[in-house]
Amino acid sequence: CVISAMDRLTQAIDISIQGSDYASLNTIFGSSMSHSYGDERSWQSLGQGEQRTLASYFIKSAVSNASFLQSAFNSPLAMQVMDVTLRHLPTTGVDNAADNKLRQMIFEFKVEQGDYVGAAVCLDGLRMTDDEGSPYYMTSAEKCDVYVKIAECYLEEGETVKADGAVTKAGQVVESISDPEQHMALILRYKSTYAQVLDSNRKFLQAASRYHDLSQANTEMIDADDLLRMLGRAATCAILAPSGPQRQRILGMVFKDERLSQLDAIPKFETHSAVLTKMYMNQVLRKNDELRKFEESLEPHQNIVKGDGLTIVERAVIEHNMVAVSQLYTSIYFSELGQLLGVAADRAEKVAAKMIMDGSLSGSIDQVDGTLNFEGNESALLGWDEAITSFCVQLSRVTDAVRSE
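A brief look at the structure comes next. Keep in mind it's a predicted model, so treat the numbers as computed, not measured.

1. Some details on the packing of helix H16 (residues 312–326) against helix H17 (residues 334–341)
- Viewed as axis vectors pointing N to C, H16 and H17 meet at an angle of 125 degrees, and their least axial separation amounts to 10 Å. Put simply, H16 runs oblique to H17. The chirality of how H16 crosses H17 is right-handed. Along the contact surface, H16 presents Ile 318, Asn 321, Met 322 and Val 325, while H17 presents Leu 337, Leu 340 and Leu 341.
- Partitioning the contact of H16 with H17 into residue classes produces six nonpolar, one polar and no charged.

Pasting the structure below:
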């Protein structure tokens with residue numbers, strides 16, 4: 001009886017798995033030039049369709065042998081074989097979704113080893129379908145969990161673009177999760193990951209809003225201290241956001257949060273309350289210990305130097321101070337403005353021009369006289385309203401502090 005090449009290779013796979021012979025498996029599935037197409041020990045002797053069938057056979061056999069996998073994950077040769085076979089499977093999949101099971105196990109192993117990008121890439125290959133009769137069927141909650149895990153892994157390695165892609169996919173299925181109350185932990189993970197992705201991509205305005213929403217979550221699943229840290233992150237992003245009405249609105253939301261003063265007790269956020277309050281009240285920010293400690297608390301992506309030579313926080317402070325100055329002056333020389341902002345006169349002019357262009361500052365530039373002329377951008381009643389609101393909020397905090405003593 002003549003044994004076919006396919007039967008010979010499946011037997012070799014069985015023997016190699018039983019004996020944890022990774023070298024033989026690598027010989028079978030290797031793509032090295034040393035394996036000629038006539039070598040019966042290699043799958044290169046098979047047609048493309050048979051190669052996919054053989055890869056499927058190996059995956060099923062490996063998944064069904066727990067003792068093999070326990071040691072195989074620690075073998076570079078075995079991991080290489082699993083990677084190759086997972087990429088050469090039939091389009092119809094593997095019986096009982098064995099390939100998905102293997103990917104899940106590899107994902108968990110790589111996370112434990114700290115290979116977050118490798119883990120994300122492996123999990124990203126999962127087959128998922130809406131067909132309830134398929135072994136690859138996944139509910140919206142299960143899909144969301146997969147995408148959130150992928151995004152979390154990419155965030156660990158600073159791969160913000162890829163994390164953004166994964167969390168966007170999660171957002172497309174999170175709304176269709178049935179029984180959201182039962183999956184609240186997953187939904188909160190999604191929201192937290194989405195906020196972190198926005199933050200990492202320096203979309204500080206949106207991130208501040210997301211963090212603040214999370215900080216107000218009414219659930220026992222998040223510790224009160226973690227909620228407070230979310231508020232701290234909201235304050236950070238609100239301060240770093242580009243100047244304009246939307247940032248002022250976010251600053252107001254965080255400022256009016258009765259827990260804001262509690263951030264002073266957390267070393268990472270100990271000056272956030274003071275800095276944010278001054279920003280919300282349109283007070284000029286000076287380079288002092290408060291601002292220095294705020295800068296020191298920032299993550300690397302929040303403190304990069306932009307193309308204009310300014311860090312994100314330096315630009316945020318300059319833009320804020322520009323608006324604050326507009327509340328005090330109707331016209332000012334750029335030489336004097338530069339001194340107030342702590343920058344050269346020409347840089348002050350460039351920042352002012354940009355702010356006027358994007359609508360975050362109302363005014364005009366007279367280059368002949370070298371002056372910046374401000375136009376009224378809010379009514380006196382609105383100014384009084386903000387002042388009264390600030391007084392009431394701070395009075396409430398003092399009253400609460402007295403009552404608690």
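2. As for the pairing of strand S3 (residues 371–374)
- Bridge analysis of strand S1 (residues 331–333) against S3 gives three bridges, and the strand direction is antiparallel. Among the inter-strand pairings, Ser 331 is bridged to a residue of S3, identified as Asn 373.
- Here four bridges tie strand S2 (residues 363–366) to S3, and the two strands are oriented antiparallel to one another. Residue pairing in the sheet places Ser 364 in a bridge with Asn 373 of S3.

3. Focus: the environment of Ile 250
- Position of Ile 250 among the secondary structure elements: in helix H13 (residues 245–255).
- Ile 250 gets classed as buried once you look at its relative accessible area, which sits at 2%.
- Separated by twelve residues in the primary sequence, Ile 250 and Ala 238 have C-alpha atoms spaced 6.3 Å apart.
- If sequence neighbours within four positions are ignored, Ile 250 has contacts with Leu 205, Ala 208, Ser 209 and Ala 238.

4. Here's the deal with the sheet that holds S3
- The antiparallel open sheet is built from three strands, whose spatial order is S1-S3-S2. The open sheet has two edge strands with one neighbour each: S1 and S2. The average angle at which neighbouring strand axes cross in this sheet is 20 degrees, direction not considered.
- Packed on one face of the sheet, helix H18 (residues 345–357) meets S2 and S3 and runs near 140 degrees to S2.

Criteria and cut-off values
Residues numbered from 1 in each chain as written. Predicted model: local features only at pLDDT ≥ 70, side-chain atom pairs only at ≥ 80, totals over all residues. Heavy atoms only, no water. Axes fitted to C-alpha atoms, helices over the stretch in contact; angles between N-to-C directions. Helix = DSSP H or I, 4+ residues; strand = E, 2+ residues; numbered from the N terminus. Parallel < 35°, antiparallel > 145°, perpendicular 65-115°, else oblique. Left-handed = near helix turned anticlockwise from the far one by under 90°. Contact = heavy atoms within 4.5 Å. Nonpolar A, V, L, I, M, F, W, Y, C, P; charged D, E, K, R; others polar. Pairing = 2+ DSSP bridges. Buried < 20%, exposed > 50% of the residue type's maximum accessible area, 1.4 Å probe, protein only.

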